[in-house]
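Remarks on the overall topology
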Amino acid sequence: MYVIPLLGIPPQVLFGQLLLGLINGAFYAMLSLGLAVIFGLLNIINFAHGALYMMGAFCAYFLLNVLGIGYWPALIVAPIMVGIFGMILERTMLQWLSGLDHLYGLLLTFGIALIVQGVFQNYFGSSGLPYAIPDELKGGMNLGFMFLPIYRGWVVVFSLIVCLLTWFLIERTRLGANLRAATENPTLVRAFGINVPRMITLTYGLGVGLAALAGVLSAPINQVRPLMGADLIIVVFAVVVIGGMGSIMGSIITGFALGIIEGLTKYFYPEASNTVVFVLMVLVLLVKPSGLTGRAT
Amino acid sequence: MTVLTDDILPTSGRAVRDEMIAFAVMAGLLLIVPLTGVYPFFVMQALCFALLACAFNLLIGYGGLLSFGHAMFLGTAGYVTAHALKVWGVSPELGILLGTAGAAALGVITGLVAIRRQGIYFAMITLALSQLLYFIYLQTPFTHGEDGIQGIPQGYLFGIFNLARPTTLYYVILAGFLFGFLLIYRTINSPFGEVLKAIRENEPRAISLGYKTDQYKLLAYILSATLAGFAGSLKVFVAQNASLTDVHWSMSGEIVLMTLVGGLGTIFGPVVGAFVIIAMQQYLAGFGQWVTVIQGVIFVTCVLTFRRGVIGEIAHYFRRSL
Amino acid sequence: MRLHGISALLAATALASGFAMSASAETIKLGVLNDQSGVYTDLSGPGGVDAVRMAVEDAGGAINGNKIEIVSADHQNKPDVGTSVARQWYDQDHVDAIFDIPNSGVALAVQEVAREKHKIVIFSGPASSDLTGAKCSPVGIQWTYDTYGLAKGTGAAVTKAGGDTWFFLTADYAFGQALERDTAAVVTANGGKVLGEVRTPLASPDFSSFLLQAQASKAKIIGLANAGGDTVTSIKQAAEFGITSGGQKLAGLLVFLSDINSIGLKTAQGLELTESFYWDLNDETRAFSKRFFERNKKEPTMVQAGLYGAAKHYLEAVKTSGSTDADKVMAAMRANPVNDFMTKNGKVREDGKVVRDMYLFEVKKPEESKGPWDYYKLIRQIPAAEVTRPIEESACSLVKKG
């Protein structure tokens, strides 16, 4: 077989790393998408996102082990449950911060994250709980250049669909248009007879639900651990900033792109693979101050 | 950024008098600490963090710039001082000087990059830069990775003062803190400080008045970095170790927390905030696994109920500037 | 009975009351300093504190009429918090000995505080062999295990059993690198070959990329020179990517029972690892573990079991020496052989290392397991001499070279 060496590495390895990067990118995309929705429409920097992602995974675990509800229903039930939790947070706390500086929202959600993670840690310890891959998605395919677990393939496809649906909902539907209008000028939108506070609450619920959905998706891959989101949140923040704060498409594209770049770094300079995102962030912000696709603020 | 800080009353005679009284009370209380039986190491640690928070507050409270990477100055100065004392065997004053200079140099380099952006982007770029630095410190051999540098000799300051004696060390740290604090106080009330406040309130207008705002912001940033580094160097003598926790982003978050709890943009707020947070870390350590939950609850309460911080609320209640 | 203070006054008081135990009933204070809210909570945490409490209860709660008290704290994995708690305990709260301290960074920092205050510290949680090597202390003891023993135990056994080509997944920090270096030396010494390694950043959420590189190396053994969450993730994803079913074997260089419990046998089966304790080894270990389980609803890890043994040995030394003076107690601890449910004829060496046997285990297949917590089968009991750094190789300055 004739192979062209690319970048000095065998193509099998290259394809493998690219594909794995894409899979990780799927998680970044979904998490940063939720963050971007919340920031873009509510102006809240949601530091609790990682904790809510973790709650999604735990939710799936409980559904399975306590109620006997499997993976497929959990994909819908867990995000709704966590979404409701998020809406309660919004109604009881975040609501009071509207009109204040971003910093307060960030600090409040950071506090919430600490509480949620602390409580889970007290009850479930630090090393976490196992969650099995659903039977339908077990096993793997030999792609020639690598062994691809079917579940990972499913993650990429599914999250891509979810991302595009969310983008469509916000940028291309009437509901989304109302939502965007409400953030620009709430008084005017209220004059049209739209319940703005309820809409904002629902939007926060949507963003949180996306985080929880990512949590359910990752449960079979990663251990269900109280601190699983804490490790991830800073990277996801960087993705949102690189993509342009609040930009939906920017987050999706950056999420996937970062996954790929990280994947390549893992091969060429593995030590730096957790840091490469910050190098990118500095570079992007220097060249393009409001992120890749950000609107000028 | 205006909502961050309560209105700063114009510097009137009364305000200056209030501040002088508050300063005298603070300095007086701190001076007698070793006589009271309060554990001096706790106060020393808190003083280092208080200075750090004050340096941070200079940037956010008066310059309107939220840095989310201030731990990098604390950690850099700490590593440089620790290395100089332990490996090169330099005297304490030279160690502090080297550490502070290291932080200042880092302030110049990162400042040139970060100062070009504002608001949330400024916060994020400082975060990114500090993460890069974290990576560098993890990789370079002289920091000994996650083990850190321990058992740092304290030595004799100026060849006379034995820093291994807790009382001597306490007064040296206190002197360092008061020096830094007064420097910041002086800066805030200087013409330079007034320009900074003008930039915070309305940058375009400051520009149109002919101020080179970037230069002012850069200078404030470097000053803040240097003082944060000074705090980091002092901390080495107290903790006798330098580790990666001091460069980690969660440390930067803690600095923000201290300043917020005490009161953003107030002169004494960061000091109170630092004491509260360090006391929490120290005394909550016994609560074991509930530490993070308690911290979270305090965060939430603070943001929801007294947003101006402890000092800010008091000042607001008495309509004074503190 | 308060020990050498920092000032002459305190020292004088200490001298005057050095043997004052019978005169006035004073308390003997033990401090347990460990991680109770972070990644190392499960391997010790509150369970570790309870293990010390069990030892105190078994000693009757008092020695020669002096009450024994326990204090505990969470070091939050921050050297700063660890040292300031330790300093305050020794200085203000008159704690006589500190126990546990998982997280080598915090442990090394506390070692220095203990050295300065000349008070005893007994490590059960941290792995770094530097604690009894270059950074050893006359008042520091490493009780349960160290990186040297883990590397020797797993490395030698696996290589001799035919696993002669290795690829390392190494956590990119001092601990991981030390573990890799020590294991690689053992592998080569036993005729094996190291084909490569990849340095993974701490707390990587995804190991698949690194695992693929390990797979491509065609090494028979993939050595996991990491700990905690990193180990769990790499084992889990190795199973997912069909690496373990593809014929390559994993060797865990630092794996605790709590890790296996959280991964589950299905995923972890076949993993080889070294520990100094397992609850189901013999009647004695089962008896202790049964008591521990009733109180904590978990089987003890080796760190928790070690804490019981360490506290017991310490209290016995206080009893025989009739003092809590650090030097006297250390002398008694060195003189008395260590004997408890997990240790037979152990010895506290001059560099502070406890010489003890270790055990090589293999994780059972799900069908071999008879119930919850039935996870390991014993492959070999490794004599202490094989898993302890020979004293003549020690970098410890306390070791008299002759």
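Remember, predicted model here, so these are calculated numbers, not experimental data. (Residues numbered from 1 in each chain as written. Chains lettered and ligands numbered in written order. Predicted model: local features only at pLDDT ≥ 70, side-chain atom pairs only at ≥ 80, totals over all residues. Heavy atoms only, no water.)

What to know about the overall build of chain B
On a plain count of helices and strands, chain B comes out with 14 helices and 4 strands. By the compact-globule yardstick of 20 Å for 322 residues, chain B fits well, its C-alpha radius of gyration being 19 Å. Counting only C-alpha atoms and orienting by the principal axes, one finds that chain B spans roughly 50 × 45 × 45 Å. Per-residue burial over chain B gives 63% buried out of 322 residues. (Helix = DSSP H or I, 4+ residues; strand = E, 2+ residues; numbered from the N terminus. Rg over C-alpha atoms; globule rule 2.2 N^0.38 Å. Buried < 20%, exposed > 50% of the residue type's maximum accessible area, 1.4 Å probe, protein only.)

Description of helix H5 (residues 147–160) of chain C
Residue and element names in this part refer to chain C. Helix length check: H5, at 14 residues, gives a terminal C-alpha distance of 19 Å against a target of 20 Å (1.5 Å per residue), a fit within 8%. Burial runs high along H5: 12 of the 14 residues are buried. Along H5, the positions that sit buried rather than exposed are Thr 147, Tyr 148, Gly 149, Leu 150, Ala 151, Gly 153, Thr 154, Gly 155, Ala 156, Ala 157, Val 158 and Thr 159. Gly 162, located one to two residues past H5, shows a positive phi value of around 105°. (Expected span 1.5 Å × (residues − 1).)

So, the packing of aromatic side chains
Scanning the model with the defined rule gives 43 aromatic pairs over all chains in all. Measuring from ring centre to ring centre gives 5.8 Å for Phe 177 of chain B and Phe 181 of chain B, while their planes differ by 35°; the resulting arrangement is tilted. One end of the pair, Phe 177 of chain B, and the other, Phe 181 of chain B, are both in helix H7 (residues 166–188), 4 residues apart, so they sit about a helical turn from each other. Phe 181 of chain B carries the same exposure label as Phe 177 of chain B, and that label is buried. An aromatic cluster of three or more residues is present, and its members are Phe 47, Phe 110 and Phe 237 of chain A together with Trp 249 and Phe 299 of chain B. (Phe/Tyr/Trp six-rings, centres within 6.5 Å; stacked < 30°, edge-to-face > 60°.)

What about the interface of chain B and chain C?
With 31 residues of chain B in contact, the opposing surface of chain C contributes 31 residues. Across the chain B/chain C interface, buried area totals approximately 2600 Å², and carbon plus sulfur atoms make up 47% of it. Interface area lost by chain B to chain C is led by Tyr 39, Glu 146 and Gln 150 of chain B, which between them contribute 23%. One salt bridge in this structure joins Lys 235 of chain B and Asp 80 of chain C, with 2.4 Å as the shortest N-O distance. At the surface where chain B touches chain C, the tally comes to 5 residue pairs in polar contact (both at pLDDT 80 or more). Of all the secondary structure elements, the ones that give two or more residues to the side of chain B that touches chain C are helix H3 (40–63), helix H6 (119–139), helix H10 (213–239), helix H12 (269–284) and helix H13 (291–305) of chain B. Of the residues in the side of chain B that touches chain C, the class split is 10 nonpolar, 16 polar and 5 charged. (Contact = heavy atoms within 4.5 Å. Buried area = accessible area lost by both parts, 1.4 Å probe. Salt bridge = Lys/Arg side-chain N within 4 Å of Asp/Glu carboxyl O. Polar contact = N/O pair within 3.5 Å; in protein donor to acceptor, adjacent residues only side chain to side chain. Nonpolar A, V, L, I, M, F, W, Y, C, P; charged D, E, K, R; others polar.)

What about the side chain of Ser 262 of chain C?
Here Ser 262 of chain C lies in helix H9 (residues 257–263). Residue classification places Ser 262 of chain C among the buried residues on the basis of a relative accessible area of 2%. The residues contacting Ser 262 of chain C, other than those within four sequence positions of it, are Ser 127, Gly 128, Leu 129, Pro 130 and Gln 223 of chain A together with Val 232 of chain C.

Quick look at the interface of chain A and chain B
With 41 residues of chain A at the contact, the number on the chain B side is 36 residues. The contact between chain A and chain B buries some 3700 Å² in all, and 80% of this surface belongs to carbon and sulfur atoms. When the area that chain A buries against chain B is broken down by residue, the three leading residues are Tyr 104, Asn 122 and Leu 286 of chain A, summing to 17%. Across the chain A-chain B interface, the total number found is 0 salt bridges. The interface formed by chain A and chain B includes 0 residue pairs in polar contact (both at pLDDT 80 or more). Of all the secondary-structure elements, those providing two or more residues to the side of chain A that touches chain B are helix H4 (102–124), helix H9 (233–243) and helix H11 (276–287) of chain A. If you tally residues by element for the side of chain A that touches chain B, the top one is H4 of chain A, at 13 residues.

Topic: the confidence of the model for chain A
In the predicted model, chain A carries a mean pLDDT of 85, and the fraction of residues at 70 or more is 96%. Counting contacts from residues 1–6 of chain A, a segment whose pLDDT is below 50, to residues more than four positions away or on other chains yields 3 contacts. (pLDDT = per-residue confidence, 0-100.)

Overview of the state of the cysteines
A full pass over the atoms with the stated rule returns 1 disulfide over all chains. One disulfide in the model links Cys 136 of chain C with Cys 396 of chain C; its S-S distance is 1.9 Å. Disulfide Cys 136 of chain C-Cys 396 of chain C: torsion about the S-S bond near 75°, hence right-handed. Here Cys 136 of chain C, found in the loop between strand S5 (120–123) and strand S6 (140–142), pairs with Cys 396 of chain C, found in the segment after helix H14 (384–387); they are 260 residues apart in sequence, far enough to count as distant. Unpaired in this structure, Cys 48 of chain B has its nearest cysteine sulfur neighbour in Cys 54 of chain B, at a distance of 12 Å. (Disulfide = S-S within 2.5 Å.)

Focus: the packing of helix H11 (residues 249–262) of chain B against helix H14 (residues 309–318) of chain B
All names here are of chain B. Between H11 and H14, whose axes approach to 3 Å, the crossing angle comes to 20°. Classified by the angle between their axes, H11 and H14 sit roughly parallel to one another. Facing Leu 260, Val 261 and Gly 262 of H11, the residues of H14 in contact are Gly 309, Val 310, Ile 311 and Gly 312. Here the residues of the contact of H11 with H14 are counted per class, giving 4 nonpolar, 3 polar and no charged. (Axes fitted to C-alpha atoms, helices over the stretch in contact; angles between N-to-C directions. Parallel < 35°, antiparallel > 145°, perpendicular 65-115°, else oblique.)

Overview of the pairing of strand S8 (residues 193–200) of chain C
Residues and elements named next belong to chain C. As paired strands, strand S7 (residues 165–171) and S8 are joined by 7 bridges and run parallel to one another. Counted as the bridge partner of Leu 169 is Val 198 from S8. Of the crossover connections in this fold, the one passing from S7 over helix H6 (residues 174–189) to the parallel S8 is right-handed. (Pairing = 2+ DSSP bridges. Right-handed = clockwise from strand over helix to strand, strands pointing away.)

Structural notes on the environment of Ala 104 of chain B
With respect to the helices, strands and loops of the structure, Ala 104 of chain B is situated in helix H5 (residues 92–114). Excluding its chain neighbours within four sequence positions, the residues that come into contact with Ala 104 of chain B are Ile 222 and Thr 226 of chain B.

Thoughts on unusual backbone geometry
The phi dihedral of Phe 158 of chain B falls on the positive side, at around 50°, and the residue is not glycine. Mapped onto the elements of the fold, Phe 158 of chain B is located in the loop between strand S2 (156–157) and strand S3 (161–162). Since its relative accessible area comes to 54%, Phe 158 of chain B is described here as exposed. Even without being a glycine, Lys 297 of chain C presents a positive backbone phi close to 60°. Structurally, Lys 297 of chain C can be placed in the loop between helix H11 (283–296) and helix H12 (302–321).

With respect to the sheet that holds strand S3 (residues 66–74) of chain C
Residues and elements named next belong to chain C. One open sheet accounts for 6 strands, arranged S2-S3-S1-S4-S5-S6; its pairing is mixed. Two strands in the sheet have a free side with no partner beyond their single neighbour: strand S2 (62–63) and S6. Direction of pairing for strand S4 (residues 97–100) relative to S5: parallel, over a ladder of 4 bridges. Among the inter-strand pairings, Ile 98 is bridged to a residue of S5, identified as Val 121. On top of the sheet, helix H4 (residues 104–117) reaches strand S1 (28–34), S5 and S6; it is set at about 160° to S5, its chief contact. Contacts from helix H13 (residues 326–335) reach S5 and S6, with the element oriented near 40° to S5.

A closer look at the pattern of salt bridges
Per the stated rule, a full pass over the model turns up 34 salt bridges over all chains. Note that Asp 206 of chain C and Arg 152 of chain A form a salt bridge whose closest N and O atoms lie 2.9 Å from each other. Here Asp 206 of chain C is found in the loop between S8 and helix H7 (208–216), whereas its partner Arg 152 of chain A is found in helix H5 (residues 150–172) on a different chain. The exposure classification of Asp 206 of chain C matches that of Arg 152 of chain A, with both residues buried. Glu 194 of chain B is paired through a salt bridge with Lys 197 of chain B; the nearest N and O atoms lie 3.5 Å apart. One end of the pair is Glu 194 of chain B and the other is Lys 197 of chain B, both in helix H8 (residues 191–201) and 3 residues apart, which spans about a single turn. Judged by relative accessible area, which is 11%, Lys 197 of chain B ranks as buried.

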